Amino acid sequence: MSDKKRKPSASAIHDSIDTSAEAAEAAILPQVHEVHCDPKPGQSSPTLPKAMQKPAEEKSPARWAYERMILYIKNFEEQLDSAHEVAMGFAGGDAGVMRIEGMGYFDPDIVTFYGSDNSGARTQLVQHVTQLNVMLRALPKAQPETPAMRIGFRLAKDLEPDPAPDADPDIVAEAEPDT
């Protein structure tokens, strides 16, 4: 057989060979993948925070949906200009749009969004994880003279590990890598 017709060796296809345990673990670890026709900053697949790099089966469906929604909201907000804020649209009915001002979950299977509608009325959506269907939208700020509200970075703090209860916050801050 000539060199041109040889099949690539296993080492040419894979840089390393995983053990069966490593392969099984990799199969259940969360992964993110996105492709965009016009890639822009903020549209690439996000790096998962350490709190999300655990097998999904170690969390309730509500916690898992909550954590992933945080990443989507944060990424969406990073693409907004200073005149817009994140909101979510509802499928079906006349419920309209809700400006996202908070989010939470209730184990094992409920995700909750808090905010206000276009008229400024307080709004709360309680959603079962099997029915979760969120359309993120950019809305003009409710008050143009104030800075845009950003909830994504606050929600993302919830994905960071808590420092030890008796730890000195100045020491913990020094130990954290710069971002």
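As a starting point, this report considers the structure included with it. (Residues numbered from 1 in each chain as written. Predicted model: local features only at pLDDT ≥ 70, side-chain atom pairs only at ≥ 80, totals over all residues. Heavy atoms only, no water.)

### Some thoughts on the pairing of strand β3 (residues 110–117)
Next, step 1: Note: strand β2 (residues 97–106) against β3, eight bridges, orientation antiparallel. Each residue of the ladder has a partner; that of Gly102, found in β3, is Tyr114.
Next, step 2: Hairpin connection between β3 and strand β4 (residues 122–128): a loop of four residues separates the two successive antiparallel strands, and Gly120 in this loop has a positive phi of roughly 95°. (Pairing = 2+ DSSP bridges. Helix = DSSP H or I, 4+ residues; strand = E, 2+ residues; numbered from the N terminus.)

### Points about the sheet that holds β4
Next, step 1: Across the sheet, five strands lie side by side as β4-β3-β2-β1-β5; this open sheet has antiparallel pairing. Of all the strands in the sheet, the pair left with one neighbour each is β4 and β5 (135–140). Each strand of the sheet is rotated relative to its neighbour by a mean of 40°, with strand direction disregarded.
Next, step 2: The strands that helix α3 (residues 61–78) touches are β1 (84–89), β2, β3 and β5; relative to β2, the one it contacts most, it runs at about 145°. (Axes fitted to C-alpha atoms, helices over the stretch in contact; angles between N-to-C directions. Contact = heavy atoms within 4.5 Å.)

### Some words on the nonpolar core
Next, step 1: Core analysis: the biggest nonpolar cluster contains 25 residues, and Ile70, Ile73, Val86, Ile100, Met103, Phe113 and Leu155 have the highest contact counts within it.
Next, step 2: Contributing elements (two or more residues each) for this core: α3, β1, β2, β3 and α4 (152–157).
Next, step 3: Sort the elements by how many residues they give to this core and α3 lands first, with eight residues.
Next, step 4: In this structure, Met103 is in contact with Tyr66, Met69, Ile70, Ile73, Thr112, Phe113, Tyr114 and Leu155, ignoring residues within four places of it in sequence. (Core = buried A, V, L, I, M, F, W, Y, C linked by side-chain atoms within 4.5 Å. Buried < 20%, exposed > 50% of the residue type's maximum accessible area, 1.4 Å probe, protein only.)

### Some remarks on the pattern of salt bridges
A side chain of one charge can pair with a side chain of the opposite charge when the charged atoms of the two come close.
Next, step 1: Scanning the model with the defined rule gives four salt bridges in all.
Next, step 2: Across the pair Arg63 and Glu67 runs a salt bridge whose closest N-O atoms are separated by 2.6 Å. Of this pair, Arg63 and Glu67 both sit in helix α3, separated by four residues, roughly a single helical turn.
Next, step 3: On the basis of relative accessibility, which here comes to 2%, the residue Glu67 falls in the buried class.
Next, step 4: Two residues, Glu85 and Arg99, come together in a salt bridge whose shortest N-O distance is 2.8 Å. Within this pair, whereas Glu85 is found in strand β1, its partner Arg99 is found in strand β2, the two being separated by 14 residues in sequence. Each member of the pair, Glu85 together with Arg99, is buried.
Next, step 5: Taken together, the shared-partner salt bridges in this structure form one network comprising Lys59, Arg63 and Glu67. (Salt bridge = Lys/Arg side-chain N within 4 Å of Asp/Glu carboxyl O.)

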